Amino acid sequence: MKIFFIVILFILIACVFTVKSNAQLGEIEISKNSFSIDANAVDTQINYVIDNSITKPKLIVTLLSGDVNNLQDITSISDDKSTLTFGDFSSTLSLGNKQTHNNGIGLMIATVTSCFLFFTRFNIGSKSTLMVLIISTIFLIGFSHSVTLSEVSIRIDIRVPSTFKFEKLELKLGSGSSNIIGLSSNTINIDSCLNLKDHKINLSDTTITSNLNICSTNNIDIKNLIQSSNSLINLKTNSNITLNFSNGFSGLLDIYSQSLKIDETCDIKVNGLNTTGSCNEGTNSKLVINANEVTITGTTPSTTPSTTPSTTPSTTPSTTPSTTPSTTPSTTPSTTPSTTPSTTPSTTPSTTPSTTPSATPSTTPSATPSTTPSTTPSSTPIDSCPTTSTWRPTMASSGSPISPSFSSVTPILDISFDENNLGFRSRYKFNEKSIADGPNGVANSFSINFNETYSPDTNWLISKIPSPALRANVNYVFSFNFKLGQALSSDNTISSITISFYNPIDLPDPNVLEYFDQPTASPLFTKTITSTTGNFSSSTTFQPNSIPIKSTTDIGLSLIAIQIIRTKQNSVPINLYFSEMKLTIPSKTISDPTTLLTKDSELVYIPKPSTSLDSQDPSTCPYLATDLVHWHDKSIWSSGVVPLPSASSNIVLPVGKRVLISPCSISQTDIYKKITIPATSELIFSDANMTMHVQDIYVQGKFTMGTKECRYNAYINLIFHGNKTTSDTIATNFGSKGIAVASGGFISVQGKQYHNTWSKLSTTAWSGDSTIYIQDSVNWEVGQQVLITTSVYKDELYNQNEVLTISAISGKKIQFTTPLKYYHYGGQEYQAEVGLLSRRIVFQGDVASSDSQQFGGHVLVSGEGQFSGLSLVRFGQKNIKGRYPLHYHLANNVNKSYISDCSVIDSYYRCYTIHGTNGVTLTRNVAFNAIGHCYYLEDGVEVDNTISYNLGAFVHTIGTPAAGYDQYGQDFVQSSDLTQPADSAAACYYITNAANSFIGNAASGGWAGFAFPNLPRPIGNHLSVAIVPSQYITKVWEGNTAHSSGYYFEFGASIYVGGLLTYNDATGLLQYSSGRESRDTFMNGFNTSTEVWMRFNNTKVYLSNRGLSMWGERTEAVYLESHDSRRPASLFGEVWLSNAIVNGQSGNILSTSVEYTRQGFQFYDTYVQTIISNIIFRNYNKYANASSNEEDNRVIISMTHSSEFLPQGISVSKNITIQNTTSSQFIGHNIPVNSTGSSRFFNFIDWDGSLTGKGVPTLIGSHEKFWQFDSTCSFNSDWNCYVCTKGTREIANIQFWVPGLISRDDAQNNDDPIGTISLFGDGISDRRSTRVIHTAGITGVSNAGWYLYLTGGTPTYMKIWLAQVIYNNYLFLAIPYPTSTTFSVSSQYKYNDNYNFNFTQAASAAAVRSGDGKKYYFDGTHLFIKVINFRLDGTESFNRGGAKVYDVYWEFLIHITASNTVKPPVNGFFTGLTDTLPSSNL
C-alpha cells in the first residue's frame, strides 16, 4: 500500500508539470536573412536582442502561460526554413473537442481513485495493480493533453549578433507587445491588424534601408530610426504614433493615426485631418498624413492651426485614394479594422503611395540608386520649400552613430571556390570548357567535363585566389558536395581527392592554359580522402564530403591545389559535379592582445599629422549669409519658373546672386544636364542630406559646399552621368561629365573631418579575425568602409587588400561586419596600413555608364580649389588626358588651394593631379584601386607643392607592365590605348619634378610606390619652358614608406628614380623607356649651379624588389629601414647609405616564401663611389638551394656578371652590425662558371673591420690570389674572398692602353685572356696573378709590385691611365722587353702641362721604387717604373660618415715608347719574351 501511494503521488506530479509556466520551450536557428514569423494566433511578446556571444541568429521561445509540452506543439517551420508559424500542431488521440488542462487533471484524479477502489474490491495483486495504474495514467496524460491557444502566451527572443542584417523581417502578430532595439534590415513588415487585437509596438535604434511597414491597433513608438535616403515608411494605427529619426528622414512617409508626434526635421502642413509635407528638408521626402493632431517633437506644437475643423470632413482629400488600405505586406488580408474610431475618415490612403521610387536605395547614404534616374523631369517638392530669405532647412548634426558593444567571438568564415576562381589543369586533353557551370538550379556548383575519351586519369583544380593564412594546430575544414554526371561505372570511379596547399611558385599559373602533371616541390600541407572515406558514388544526389585541415606549422602565402584521381582513363565522355566547395575558418573567442605596438618603426621616424581636428566656427557657415536667395524661389529666375532637370537643360544661375540649394529645392532622382555658375554668382549647398544627379557643372564664379571653418556634416551625394565622349560639354577644353572651375573661379567642398584618415595595425590580424587594433585613435563611425592593405610582395598577382565595414569601434579597436579573409602583418618591423574610405560628401560616377566604359566623373580646377572630407568614387576617364578625379589644371601659382582628408576609390584614371600648378597642399588623403599613376605631377614644371601624410594603394598599370631583364627595361610609345606611356610603370606617386615636399606618405603596391622619371624637358602644355626637370632635387623628403612593388622589372624598386620620358618633336608623341637613366642634380635645377645630392631621409621600404633605386649621379639615404626586400637599395653614382636597419626576414609569414632571396647590399661594379655606414643587417639565413652565392641570403654581394665593366676601389663599409646571421652569410662573392673581370676584381674596404669582425681596417678582395698581397691575407671559403689587414695599402686601378689590343674606348664583354698581371717583390716568390683581357683595367692593392706579361708580346708603345693611384700612393710596375731596348717614358696630364715630366733612368730597380716617380730602370729583362699621380693633393675623395672612397681621376697618363734595333718588333710587338717573375727582394 505504501508503494501504491508513492506511485500515485509521482503520477500526479507528472500531470501537474505538464504546465510549463515561464519555461523555455526551445530554440530555432535562423538560417535565412529573409525570415517571417506568424504569431497572430497566440499572445506574443517580441524582444529583439543583440547578442555577440553567438555567430548566427536564433529564436528562443519561452512559455509565459498556457499548457504546452514542447515547442513542436505550437510551431511549424516551412520547408525552406524561412517562415515560422505558431498554432496548434500537437498530436492528440481525441476525436472530439479539446479538453482544458484542468479538466484533464480532474479526469485523471477521478480515474486513479476509481481504479484504486476497483482493485481493492477484487483483491488484484499489488504488482498488477501498479502496472495497470502506470499504463492507464500514461494513456490519460496523452489523452488529456491538448493545446488551447487562447490561453497560451509566449515570449520570442530574437537574438542576433551585432553584425547581422536581415534582408527582410516580417512579423504577423496578435495580442501582446514588441520591444525591438537595434534591428537592422532592408525591409521590416509588422502586421498586428489581422485579428484586431491590441499589440503595442516599440522600435528603437532600428536601421532600415528600404521599407518599414507597420499596421497596429495600439500605439506605435519609434525612436532613433536610422534610414537611407529614399526609403519608404508606412505606419497605420487607430491609436497614437511617436516617430523620431536618428539621421533625419529622406524618402516617402505615409501615416494614418489618431495622433502623431513627429521628428523636428519634418516640415508639414495641416489641412484638417490630412497633413502633407516633407522631412529633412525634402531630400525626395513626401508625407501623406491622416491624424487628428500633429506635434513636431522638439518644437512648440504650432503646426496644428486653429483653423483645423472640429469635425471630420465628409470627404477625403484628393490626395487620398478611395480604396481602403490593405495592411502592410502583400500577403496580408485587406480588411480594415472594425475598431477604427469615428474620427477616422471613411477612406484611408493606400499603404504604398504612387510616388514610390522605382529603385531601392543602397544601405549607405552615399550609395547610387540601382537604376539610372530619368532625364525626364518628375515633380519636385519645391512648392513645400519656404522662399523667405531667413528660412533655412534643419542642418545636419556632426554626431556619430553610437557604436554597439563588441562581439566576443568571430563569425565563421567560408572561402568559396567555383569555376570562376579555379583553373583546370591536366597532362593533356583539356581546354577552357573543362570546368564550367554546374547543373541548373544548384547554387554554387560547377562541373568538370572530360569531353574527350581517354582523358588523363589525374587532373588538378588550382585556385586563382590566394588561400587565407592558416595557423598551426587550428582545425579548419575543406568541404564540398559531389555528384557523378553519369551512373557509377569504371569510367568515372573516383579513387581519391587530395587537397594541398602549395607555394605559388611551385604551381602553374591557373589563369593560363598549359599542360601540367605534378608539382616539382612538396606541398606545405596535404590531405587525402579516398573512395572508402569519401562519398563519390552517387549520380542522383549531391553527397557531402569534408576534409579536416590541421597543419603543424603556420601556412602563409599559398594556393590550394585539388588533385582528383580516377581509377582509369574514361572510354566515354563523363562529367563530375561539385557544389558548395569551401574552406571554413572556425569561429573563435576574441580576446584583446596583452601588448600592442607603441611605435611604427624601430629606427626611422615616420611623421604624423597633428592629432587635433581643424578648428570650426559655425557662425561662419556659408548658408547663414543674409544675402542668399533660394534655388526654389521662382522670382530669382528670369523665366519666373524654377528650372527642372531635363535631357537638354542648361541652367545658368542668376547673375550676381548667391543661390542656396536645399534638399527640397531640387529633384533628387532626375538628371540635371548642365549647371553654369557665372563669374559674379555663387552656388551654395545647405548642410543637409541630399542627392543630386547631374552631368556637367561649370564654375566661373563660386561653388560652395562647406568651408574650412564650417565643414558640412550632411550626407551629400553628387552623381555624375554621361556616356563616354571626348567632346567638351562643360566648356572648351574642360571635357564632359564633371565639374570644371575656370581660371578666376573658386570651389570649396568640405565635409566632416575624420581623423586620422589612415593608421597602421598595432598587432597582426589573421585570416578569420573580425577585430583589428590600430596605432592611432580615430573618430571613424559604424557603417563606414575601411581598407586594410596587403602584406604580400606581389600585390597585383596575389591581391590581399581588403575592404570591410565597421560594426563596432572604440578608440584604436575596430570590429567589422565580416571577418578578414587574409593575413595582415603588424609586427615591429612594419604594419599594414588601415585607411578610411568613407566620407559624408560623395562625388561619384553613375554605375551604368562609368563601369562599362571606364568613364567616370572628373573635377578640374583652373582657379583656386579647396577640398576636404570628400570621397570620389568611380571617377577618372581612362586614357583621356586631363580627365582625372581631382585635378588642378594650369592654375599657375595658387595661394589657398588644398586637398585634405579626401578619398579616391575605384578610379579609372589617376587619383589626385597637380598640373602646371604650384603651391598646392595635398595632405591626409587616401586613394585605393586606381588605374594609372595615382598622385600625379603631370608636366615636370610643378614645384613648391606639399604632398604629406597620404596613402595610395593598389595602383594598376595600363597595358602590359614594363619589364625586362637588363638595365634598360622596355620602351613604350604614346597611343590611344596608352595616352601617357609611363603608365606602363604606374606608381602610387608619380613625380616629374622633385622640387616639392614629400612628408609622411605611404605607398602600397603599384609598379613602383614612388616614381621619379627623368624628363630632359617638360612635356604637355609646357614643352617650351626652359628647364630640365630631372636636375631638381626634393625640397623635403621625410618619413615616406613604400611596399609591395618593384617586382615587374628586374631592376624595379618601390622608390624608383629612373626611366626616361621624352617628347618626340617629329611624331608629336611621348616616349617612355623604363630602365637605366642617370640623373644629374644641381642646387637650382640648372647645371650652372652647385652639384647637390638627392637625399632621402627616414625612409622605410619592405616587401620590395630593390627598395630604393637611383641610377645616379648623387644620392644620400640616411635613416632607412628595409624588411623582407630582395635588396634595400640599388644606388649608383656618389652614394651614401647610413643609419639603417636591413632585415632579411621579418615575422611576416607571408614573406617566408623562397620566391625571392634577399641580399643586404650589392656593391656595384664600376665607376661609382659607395659608402654604407652605421647599418644593422639581420636575419640573413642560408638558402640551401641557392644557385650561387649572389642568389643566397647574404649580407654583402658583388656584381660579377660582366667583363665589360670592371670595378675600381669604389666601395666602403663602416660600423656594420650583423645580427642573427651566421658568419658564412656575411659576404656572398660569386665565382661564375665562365670567369668575368668584374668577379676577379671585386673588392671593398671594411673601414673599421666591423663587418668582417677583424676590428681593424680590412681589405676584402676576390677569389684571385692577386689579392693575397701579404701574410695578413687569408682566404675565406664561405665568402670566396681574400680578407687582409689593410695597413697602409689602398685599392688601386690602372688601365694599360695598347693600340690594337686594349682600349678604354673599346670595352668588350670578352674574358679571353691576353696575358697576366702578378704581384712581385715584398718577398713574393710564387705566382699571385690574375688574367688580363681586352677590356682595359686592372684593380689591386697599391704600394705593391705589379708585373704585366702579355702573351702576344710587349708593345712598342703603350699608355697607362692612372685611374686610381691615390695621393701618397704608388704602383711599382715591371714589364718585360728584349735586351738592348731603349725607352722614352713620360707623364702627361691632359688639362695642365705642369704635371708633364720626362722620366730619367735610375741606377737600379730599387732606386726606382724608392724614388720620386720620375725615373725608370731596365735590367735587360724588365722595365721598372714607379707610377704616381702628381696632380693629386689629397682632396680627391667622396667622404661621408667618417669614411671615404677615392676618386677615379681622369686623364693622368704615363707614356712608354720602346725601341730595339737588335731584336726589332713584329707588327709593333716584341715577341718571344720569357715570362719571368721579377725578384722577390724588390
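Shown above is the structure to which this text applies.
Basis of the calculations
Residues numbered from 1 in each chain as written. Predicted model: local features only at pLDDT ≥ 70, side-chain atom pairs only at ≥ 80, totals over all residues. Heavy atoms only, no water. Helix = DSSP H or I, 4+ residues; strand = E, 2+ residues; numbered from the N terminus. Buried < 20%, exposed > 50% of the residue type's maximum accessible area, 1.4 Å probe, protein only. Contact = heavy atoms within 4.5 Å. Areas by Shrake-Rupley, 256 points an atom, 1.4 Å probe, with all protein chains shown as cover. Pairing = 2+ DSSP bridges. Axes fitted to C-alpha atoms, helices over the stretch in contact; angles between N-to-C directions. Disulfide = S-S within 2.5 Å. Salt bridge = Lys/Arg side-chain N within 4 Å of Asp/Glu carboxyl O. Phe/Tyr/Trp six-rings, centres within 6.5 Å; stacked < 30°, edge-to-face > 60°. Lys, Arg positive; Asp, Glu negative; His and termini not counted. Polar contact = N/O pair within 3.5 Å; in protein donor to acceptor, adjacent residues only side chain to side chain.

Caption draft 1: A look at the overall build of the chain. Secondary structure summary: the chain contains 6 helices and 100 strands in total. Within the chain, the proportion of its 1482 residues that are buried is 60%. For the chain, the proportion of contacts with a sequence separation of at least 24, taken over those separated by at least 6, is 72%. With the model as given, the accessible surface of the chain reaches about 53,900 Å², and the carbon-plus-sulfur share is 50%.

Caption draft 2: Geometry of the sheet that holds strand β93 (residues 1382-1389). Within the open sheet, the 5 strands sit side by side as β88-β85-β91-β99-β93. Their pairing is antiparallel. Each edge of the sheet is formed by a strand with only one pairing partner; in this case those strands are β88 (1338-1341) and β93. With direction set aside, neighbouring strand axes in the sheet form an average angle of 25 degrees. Taken together, the 8 bridges between β93 and strand β99 (residues 1452-1459) define a ladder with antiparallel strand orientation. Residue pairing in the sheet places V1385 in a bridge with I1456 of β99.

Caption draft 3: Geometry of the sheet that holds strand β78 (residues 1194-1197). The strand order across the open sheet built from 3 strands is β76-β78-β80, with neighbouring strands paired in parallel fashion. The open sheet is flanked by β76 (1159-1162) and β80 (1227-1228), the only strands paired with a single partner. Bridge count for β78 against β80 is 2 bridges, and the pairing is parallel. Along β80, the bridge assignment pairs I1196 with I1227.

Caption draft 4: Highlighting the environment of G751. One can find G751 in the loop between β42 (746-750) and β43 (758-760). The class of G751 is buried, set by a relative accessible area of 0%. Those residues in contact with G751, other than ones at most four positions away along the chain, are R711, Y712, I841, S868 and G869.

Caption draft 5: Local environment of the state of the cysteines. The tally for this structure, following the rule as stated, stands at 5 disulfides. Note on cysteine connectivity: C193 is disulfide-linked to C215, with sulfurs 2.0 Å apart. The sign of the -100 degrees torsion about the S-S bond sets the C193-C215 disulfide as left-handed. Placement of the pair is C193 in the loop between β10 (184-191) and β11 (199-204) and C215 in strand β12 (residues 207-216), with a sequence separation of 22 residues. C215 carries the same exposure label as C193, and that label is buried. Disulfide partner of C911: C934, at an S-S distance of 2.1 Å. Measuring handedness by torsion sign, the sulfur bridge of C911 and C934 sits at about -105 degrees and is left-handed. One end of the pair, C911, is in the loop between β55 (903-907) and β56 (912-918); the other, C934, is in the loop between β58 (926-931) and β59 (935-937), with 23 residues separating them in the sequence. Overall, C934 belongs to the buried group, its relative accessible area being 0%. In this model C988 remains outside any disulfide bridge; the closest cysteine sulfur is found in C934, 6.3 Å from its own.

Caption draft 6: Seen up close, the pattern of salt bridges. Scanning the model with the defined rule gives 44 salt bridges in all. When the shortest N-O distance is used, the salt bridge between K1286 and E1290 registers 2.9 Å. Per residue, the accessibility class of K1286 equals that of E1290, and both read buried. One connected set of salt bridges, linked through shared partners, spans D614, R711, D901 and R924.

Caption draft 7: Region of the structure containing the pairing of strand β70 (residues 1069-1073). Along β70, the buried face is formed by L1070 and Y1072; none of L1069, Q1071 and S1073, which line the opposite face, is buried. Note: strand β69 (residues 1055-1064) against β70, 5 bridges, orientation antiparallel. Bridged to N1064 within β70 is L1069.

Caption draft 8: Structural context of the packing of aromatic side chains. Taken as a whole and judged by the stated rule, the model has 68 aromatic pairs. Residues W1111 and F1132 carry aromatic rings whose centres are separated by 5.1 Å and whose planes lie at 75 degrees to one another, so their mutual orientation is edge-to-face. Highlighted residues: W1111 in the loop between β72 (1108-1110) and β73 (1114-1123) and F1132 in the loop between β74 (1129-1131) and β75 (1134-1143), separated in sequence by 21 residues. F1132 carries the same exposure label as W1111, and that label is buried. Members of the aromatic cluster, joined through ring pairs, are Y912, Y935, Y989, F998, F1010, F1012, W1037 and F1096.

Caption draft 9: Examining the side chain of E942 more closely. Relative to the assigned elements, E942 resides in the loop between β59 and β60 (946-948). For the buried residue E942, which engages in no salt bridge, the nearest side chain bearing the opposite charge is K881, 9.7 Å off. Among the polar contacts made by the side chain of E942, one reaches the main-chain amide nitrogen of G916 at a distance of 2.8 Å. Within the local environment of E942, its side chain forms a polar contact with the backbone nitrogen of D939, the two atoms lying 3.0 Å apart. Residues in contact with E942, not counting those within four places in the same chain, are I914, H915, G916, T917, N918, L937, T992, N993 and N996.

Caption draft 10: The arrangement of unusual backbone geometry in detail. Residue H755 is joined to N756 through a cis peptide bond whose omega torsion reads -5 degrees. Within the secondary structure, N756 is located in the loop between β42 and β43. Look at the link from G1112 to E1113: it is a cis peptide, with omega at 15 degrees. As for its placement among the helices and strands, E1113 is situated in the loop between β72 and β73. Within the chain, E580 stands out as a residue other than glycine whose phi angle is a positive 50 degrees.

Caption draft 11: Inspection of the pairing of strand β97 (residues 1437-1440) at higher detail. As judged from the 4 bridges shared by β97 and strand β98 (residues 1443-1446), these two strands associate in the antiparallel manner. By the bridge assignment for β98, S1437 is matched with Y1446. In this structure, the hairpin formed by β97 and β98 is closed by a connection of 2 residues, where G1441 is found at a positive phi of approximately 60 degrees.

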